[in-house]
Structure formats: structure tokens, C-alpha cells
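Now for the letters of each chain:
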Amino acid sequence: MTEQAAGKPEDFTQAYTLAMAHLMQAGIESMRSSDILGAIADTDVEIAETPADIIYQQDKVTVSRYRPLTDVNPNIAPVLIVYGLFGRQTMIDLQEDRSMVRNLLMAGLDVHVLDWGNPTRADQFITLDDLIDIYLRDAVVDLKTRSGMPINLFGICEGGTLCASLAALSPELLSSLALAITPIDFDGDPDNYWQGEGFLNQWLQNMRAEDITDLVDTHGNLPGAFSGAMFSALTPITSMTKYNLGLQALAGNRDKILNFLRMEKWIADRPDHPGAAAKQWFNDLYRENKLMKGAFQVEGQTVDLKKIKCPVLNIYALQDHIVPVSTSKALSTFIPKSRYKEIGFPGGHVGVFVSSKAQGVVAGGLVDWLKSNQKEA
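Just so it is clear, the structure is predicted and the values come from calculations on it, not from any experiment. (Residues numbered from 1 in each chain as written. Predicted model: local features only at pLDDT ≥ 70, side-chain atom pairs only at ≥ 80, totals over all residues. Heavy atoms only, no water.)

## A short note on the environment of Q58
Phase 1 of the analysis: Along the chain, the position of Q58 falls in strand 1 (residues 52-58).
Phase 2 of the analysis: On a C-alpha basis, the gap between Q58 and L37 in space is 40 Å, while along the polypeptide they are 21 residues apart.
Phase 3 of the analysis: Apart from residues no more than four positions distant in its own chain, Q58 is found in contact with I134, Y135 and D138.
Phase 4 of the analysis: Among the polar contacts listed, one links the side chain of Q58 to the side chain of Y56, at a separation of 3.0 Å.
Phase 5 of the analysis: At a separation of 3.3 Å, a polar atom in the side chain of Q58 contacts the side chain of D138. (Helix = DSSP H or I, 4+ residues; strand = E, 2+ residues; numbered from the N terminus. Contact = heavy atoms within 4.5 Å. Polar contact = N/O pair within 3.5 Å; in protein donor to acceptor, adjacent residues only side chain to side chain.)

See the structure below:
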């Protein structure tokens, strides 16, 4: 072996020294993070602490009104936030400095949130029809009655699809409709997906309907643990390394570690999904794309998104690996340009709500849009 092929001894020594230095530094940073973790108590990792009071309940579904943090603008209709059933709405109020709820309250909005509760096997026969036409509709009607005016509905992820469906079926209930990271066209644009985008869509579309049905029927509901594993599988490297390399990268920064733990607490709190509704969600929407094709029905009524009459704001994440941009932007084909606005956030699926940048871009954009609609009205 020639000296050129082997490299100079001093080059090897320099590379070895540099590698060892990096290794030592990584070890020091890991130890710092471990020391901080050992000193953190459960009470240090609280989430969703903005005070709220339950004002409505039907079975396990509740609506809570957040207590105002400033004077409420009486000219803007109340906002009802509706998250999906694959996670918790607590993500919108993760911590004080990363809370969409607090940003909306500080802007003088009257903010409410719908909580689907904890489905059990007794709820396995609840369908999408029930979620949309009974639980969501009744909650909206109650809030509309209390306020004396059509309300502002803000749907997130699966909750956004439910809200869009209700807006099409009963447009008279709403003053405006805002959606975030919401699938509409469940096929999307697979020919133009970036690497890592749309895997969930393609995976489910390649399953047989009976496979999904058997999976859900085996448990009654779709277990929250299974949903969590499914979403983790979409980003395998991140999921496998976040408890070692991820924590090491935090280098003992207590605030960042608490941010990380609050996020993990939200991820771990994943309820079961009512079985009948889960089968419809995966088979009728993901596999057959009935909403986009105009074939999705609720209690015998076809959901025609062109019947949405209120102003619509559509927020999507440009690096969303769960809900591809094309699946959300498809909503624009149903709503006239004069009543439709988009906000594309440069981040991922959850970053829309929990990143520091999102507090201004997303929450601020929503507030400005609601105030603009009020001026126009």
C-alpha cells in the first residue's frame, strides 16, 4: 500500500483526535441532559393549563370556554376549535409561550374547544355520521344559540374534515370556517410528493377494505397505541433516535428538555378511536376518496363542499409528512377565490401549532383573517 493510498500518519492522528473530541463532547452533553431529566418532576411537565370551564356536554363530548385573558371583542363571533380523534386537543395549548389558545385569547377572541372524551368499547359503533351530524352539529347549535349569531369554526386535521362536512351540510350555522392540516383530497398528488410525503395515504390505499375492517373489529375500537405506532412508523429514524441523539442534542438545556417532554406527554396521550368511524375514515375517505369525489354521505345527505357559503381559511404545513400539502390545497377547487384564503406554514404537521414561529404566522394569521372578515361584514 502506498503512502498516498494509506494517507499521511499526521492526517490520521488529526482525524482521530477530532473524532474523539466530538465523542467526548457528545458524552458530556448527554450527561447534562440526563442530569436535568433526573431532576424534573411530573409536575414540571404540565400541559394545557389555560383555565377553561365546561359549558356543554353530550355523552362523553364536552365544549369548554376558555376564560378571557383580556377584553373580549363582542363583534367577533365565538370560535370553536375542533381537533381530530387520533390525538388530543391539548396540543393547541402545549405551554404558555407556545399556545395558540393564549394567542387567540390575547387578541380578544371568545375561544371554545371541543373535547371528544375517551372512547371505550361501548363507543365502538359511533360512526362519522354520529360525529358530524349529532355531536359536532349539536355543539355548534348550542354555541350559536348562546351567542345569538353564527359561529367561527376552526377544525384541525381529522377535525377539519368533520368541520368542512358540517359546513357543507349546514352553512347557516357558521360565520366562517378555518381549517388546519386538514385532508380533503385523500389521493393528493403522489407524482409530486417529496421524499417521505404521503406514505400514510399510499400505505392505506394499498390495503384491502377487509384488512382494515378486521383490524378494527378485532379490538372494537382502533387502539390509540396502534395509531401512535402507525404515526411513529412514518418517521422511523427520528422515532428511534429521539431518546438518545435527540436528547443529547439538547445539551442540558432545561427549557428545551421541558419542551421535549411536554411534546412527548401529548404524543403519549392518544385515545382510542371509535371503531365504526375509524373504518369509515380509512375505507371511505383514505381508500375510496369519497369526499373529493362527491360520494361521501352523512345520514343519507351527500357532502358537497361547494355548498360551503362562509369565508374559508385553509392552513397547511409545507413539510407535513402526515397530511400532504396537495391533500389540503384541494379545498380551493370548491370555494370561490373571493371567499378563500390560504396560509402555507414552513414547518411540519405539529409545528403548525407548537413551534415558536407558528405563534405569529398561524395564530396571528388566523386572528387577522377573523378581524378582516368582521370588517367586511
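## Points about a negative patch on the surface
Phase 1 of the analysis: Among the surface-exposed residues, E49, E96, D97 and D255 lie close enough to one another that they form a single negatively charged patch.
Phase 2 of the analysis: For D97, the position within the fold is in the loop between strand 4 (93-95) and strand 5 (98-99).
Phase 3 of the analysis: Residue class for D97 comes out exposed when judged on its relative accessible area of 54%. (Patch = residues over 30% accessible without salt bridge, like charges linked within 9 Å, V, L, I, M, F, W, Y side chains within 5 Å. Areas by Shrake-Rupley, 256 points an atom, 1.4 Å probe, with all protein chains shown as cover. Salt bridge = Lys/Arg side-chain N within 4 Å of Asp/Glu carboxyl O. Lys, Arg positive; Asp, Glu negative; His and termini not counted. Charge placed at Lys NZ, Arg CZ, Asp CG, Glu CD. Buried < 20%, exposed > 50% of the residue type's maximum accessible area, 1.4 Å probe, protein only.)

## A word on the nonpolar core
Phase 1 of the analysis: Of all hydrophobic cores here, the largest spans 101 residues; its most connected members are W116, L153, F154, I156, L177, L305 and F353.
Phase 2 of the analysis: Of all hydrophobic cores here, the second largest spans 8 residues; its members include I40, L250, I257 and L261. (Core = buried A, V, L, I, M, F, W, Y, C linked by side-chain atoms within 4.5 Å.)

## Things to note about the side chain of D93
Phase 1 of the analysis: For D93, the position within the fold is in strand 4.
Phase 2 of the analysis: Those residues in contact with D93 that sit more than four places away from it in its chain are I47, A48, E49, T50, S99, V101 and R102.

## Section: the packing of helix 4 (residues 128-147) against helix 11 (residues 275-287)
Phase 1 of the analysis: One can describe the packing of helix 4 onto helix 11 by two numbers: an axis separation of 7 Å at closest approach and a directional angle of 110 degrees. Between helix 4 and helix 11, the angle falls in the class roughly perpendicular. Contacts between helix 4 and helix 11 involve L128, D129 and L131 from the former and A277, Q280, W281 and L285 from the latter.
Phase 2 of the analysis: Across the contact of helix 4 with helix 11, the residue classes break down as 5 nonpolar, 1 polar and 1 charged. (Axes fitted to C-alpha atoms, helices over the stretch in contact; angles between N-to-C directions. Parallel < 35°, antiparallel > 145°, perpendicular 65-115°, else oblique. Nonpolar A, V, L, I, M, F, W, Y, C, P; charged D, E, K, R; others polar.)

## What to know about the pattern of salt bridges
Phase 1 of the analysis: Considering all chains together, one arrives at 14 salt bridges under this definition.
Phase 2 of the analysis: D53 is the salt-bridge partner of R67, the closest N and O atoms lying 2.9 Å from each other. Taken as a pair, R67 in the loop between strand 2 (61-66) and strand 3 (79-82) and D53 in strand 1 lie far apart in primary sequence, 14 residues in all.
Phase 3 of the analysis: Its relative accessible area of 41% is what places R67 among the partly exposed residues.
Phase 4 of the analysis: The structure contains a network of salt bridges with shared partners spanning R208, E210 and D211.

## Observations regarding the side chain of D133
Phase 1 of the analysis: Of note, D133 is situated in helix 4.
Phase 2 of the analysis: In terms of polar contacts, D133 uses its side chain to reach the side chain of R137, at 2.7 Å.
Phase 3 of the analysis: Ignoring any residue separated from it by four or fewer positions in sequence, one finds D133 in contact with V298 and E299.

## So, a nonpolar patch on the surface
Phase 1 of the analysis: Residues F12, Y16 and M20 make up a contiguous nonpolar surface patch of roughly 350 Å² in combined accessible area.
Phase 2 of the analysis: Along the chain, M20 falls in helix 2 (residues 9-39).

## Structural notes on helix 8 (residues 224-232)
Phase 1 of the analysis: Buried within helix 8 we find G224, S227, G228, M230 and F231. Along helix 8, the residues classed as buried sweep out an arc of 160 degrees about the axis, all on the same side.
Phase 2 of the analysis: On its buried face, helix 8 is in contact with helix 6 (199-205) and helix 11. (Arc of directions from axis to C-beta.)

## Re the environment of M100
Phase 1 of the analysis: Inspection of the secondary structure puts M100 in helix 3 (residues 100-106).
Phase 2 of the analysis: Separated by 262 residues in sequence, M100 and V362 place their C-alpha atoms 8.3 Å apart.
Phase 3 of the analysis: Those residues in contact with M100 that sit more than four places away from it in its chain are I92, F154, F353, Q359, V362 and A363.

## Describing the sheet that holds strand 7 (residues 151-156)
Phase 1 of the analysis: Ordered in space as 1-2-6-3-7-8-11-12, the 8 strands form an open sheet in which the pairing is mixed. Only two strands of the sheet have a single partner each, and these edge strands are strand 1 and strand 12 (340-345). Taken pair by pair, the neighbouring strands of this sheet meet at an average axis angle of 20 degrees, ignoring direction.
Phase 2 of the analysis: Taken together, the 6 bridges between strand 11 (residues 312-317) and strand 12 define a ladder with parallel strand orientation. Paired with I315 across the strands is I343, a residue of strand 12. (Pairing = 2+ DSSP bridges.)

## Observations concerning the confidence of the model for the chain
Phase 1 of the analysis: Averaged over every residue, the pLDDT of the chain is 90; the share at 70 or more is 94%.
Phase 2 of the analysis: The low-confidence segment residues 1-5, where pLDDT is below 50, has 2 contacts with residues more than four positions distant or belonging to other chains. (pLDDT = per-residue confidence, 0-100.)

## A look at the state of the cysteines
Phase 1 of the analysis: Applying the stated criterion to the full structure yields 0 disulfides.
Phase 2 of the analysis: Between C163, a cysteine without a disulfide, and C310, which holds the nearest cysteine sulfur, the sulfur-to-sulfur distance is 11 Å.
Phase 3 of the analysis: According to the relative accessible area criterion, C163 is buried, its value standing at 0%.
Phase 4 of the analysis: A relative accessible area of 6% places C310 in the buried class. (Disulfide = S-S within 2.5 Å.)

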